[in-house]
Amino acid sequence: MARMHTRRRGSSGSDKPVADESPEWSDVDEEAIEERVVELAEQGHDPSVIGMKLRDEGVKGTPIPDVKLATGKKLTEILEEHDADGDLPADLRNLMERAIGLREHMAENPQDHQNKRALQNTEAKIRRLVDYYRGNALDEEFTYSYEVAAELLEE
């Protein structure tokens with residue numbers, strides 16, 4: 001499938017190895033994993049960062065290669081159960097942070113046409129994601145603007 005904002009085709013990524021159960025060397029209790037996930041979320045980490053920390057640092061010194069295999073639940077499901085998920089979806093939050101950074105850069109460098117286009121593309125992606133999430137993860141009346149994004153990310 002072609003990419004939206006370039007003339008190149010997309011490249012396929014690597015697939016995770018097929019596994020039905022957690023490895024033998026990673027025998028951490030499900031409750032301990034859930035506690036660690038909630039603890040990391042309360043520290044302000046995104047789900048992707050939580051997954052990397054569990055993979056690298058683990059729980060009580062034992063790495064967790066895959067949260068879903070170890071607990072039977074996705075990381076986001078665990079966060080929802082414990083009401084530790086953020087107010088915005090992670091992909092939308094990351095794009096808003098990027099758009100705010102680009103907007104600040106454009107205020108300092110108004111002649112930077114390349115980043116002006118990058119800002120336009122990023123805000124287009126944000127608007128498409130807002131349409132996708134509107135009604136479920138976002139309020140029905142939500143519309144994106146720089147001011148709204150800056151206010152949401154300050155919290």
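This write-up is about the structure you can find in this document. All values reported here derive from a predicted model rather than from experimental measurement.

## Overview of the side chain of S26
- Relative to the assigned elements, S26 resides in the segment before helix 1 (30-42).
- S26 sits in the buried class, given a relative accessible area of 6%.
- Residues in contact with S26, not counting those within four places in the same chain, are T62, P63, I64 and P65.

## Some words on helix 1
- In this model, helix 1 (13 residues) spans 19 Å end to end at C-alpha, consistent with the 18 Å of a helix rising 1.5 Å per residue.
- Of the surrounding secondary structure, the elements contacted by the buried residues of helix 1 are helix 2 (47-56), helix 3 (67-71) and helix 4 (75-81).
- Positive phi shows up at G44, right after helix 1, with a value of about 100°.

## A few points about the layout of surface pockets
- Here the largest pocket is characterised by a volume of approximately 540 Å³.
- Around the largest pocket, the lining is made up of 20 residues, and of these P47, G86, L88, P89 and A90 lie nearest the centre.
- Secondary structure elements with two or more residues in the lining of the largest pocket: helix 4 and helix 5 (90-108).
- Among the elements that take part in the lining of the largest pocket, helix 5 stands out by supplying 4 residues, more than any other.
- Of the residues assigned to the lining of the largest pocket, the class counts are 9 nonpolar, 4 polar and 7 charged.
- Of the voids in this model, the second largest pocket is the one considered here, and its volume is about 280 Å³.
- Taken together, K16, P17, A19, G51, M52, R55, I64, P65, D66, V67, L69 and L75 form the lining of the second largest pocket.

## Focus on a positive patch on the surface
- The grouping of R3, R8, R98, K125 and R128 at the surface amounts to a positive patch.
- The class for K125 is partly exposed, based on a relative accessible area of 33%.

## Brief notes about the nonpolar core
- By size, the foremost hydrophobic cluster in this structure holds 21 residues, and its most contacted members are L88, L92, M96, I126, V130, L138 and Y144.
- Where this core is concerned, the elements lending two or more residues are helix 5, helix 6 (113-133) and helix 7 (146-154).
- A total of 7 residues in this core trace back to one element, the largest contributor, which is helix 5.
- Excluding anything up to four places from it in sequence, L92 contacts I126, L129, V130, Y133 and L138.
- Judged by nonpolar contacts, the second largest core, of 15 residues, contains V28, I33, I64 and L75.

Thresholds applied
- Residues numbered from 1 in each chain as written.
- Predicted model: local features only at pLDDT ≥ 70, side-chain atom pairs only at ≥ 80, totals over all residues.
- Heavy atoms only, no water.
- Helix = DSSP H or I, 4+ residues; strand = E, 2+ residues; numbered from the N terminus.
- Buried < 20%, exposed > 50% of the residue type's maximum accessible area, 1.4 Å probe, protein only.
- Contact = heavy atoms within 4.5 Å.
- Expected span 1.5 Å × (residues − 1).
- 1 Å grid on protein atoms, 1.4 Å probe; cavity = no way out; pocket = protein on both sides within 12 Å on 5 of 7 lines; lining within 4 Å.
- Points joined across faces, edges and corners; volume = space filled by probe spheres on them.
- Nonpolar A, V, L, I, M, F, W, Y, C, P; charged D, E, K, R; others polar.
- Patch = residues over 30% accessible without salt bridge, like charges linked within 9 Å, V, L, I, M, F, W, Y side chains within 5 Å.
- Areas by Shrake-Rupley, 256 points an atom, 1.4 Å probe, with all protein chains shown as cover.
- Salt bridge = Lys/Arg side-chain N within 4 Å of Asp/Glu carboxyl O.
- Lys, Arg positive; Asp, Glu negative; His and termini not counted.
- Charge placed at Lys NZ, Arg CZ, Asp CG, Glu CD.
- Core = buried A, V, L, I, M, F, W, Y, C linked by side-chain atoms within 4.5 Å.

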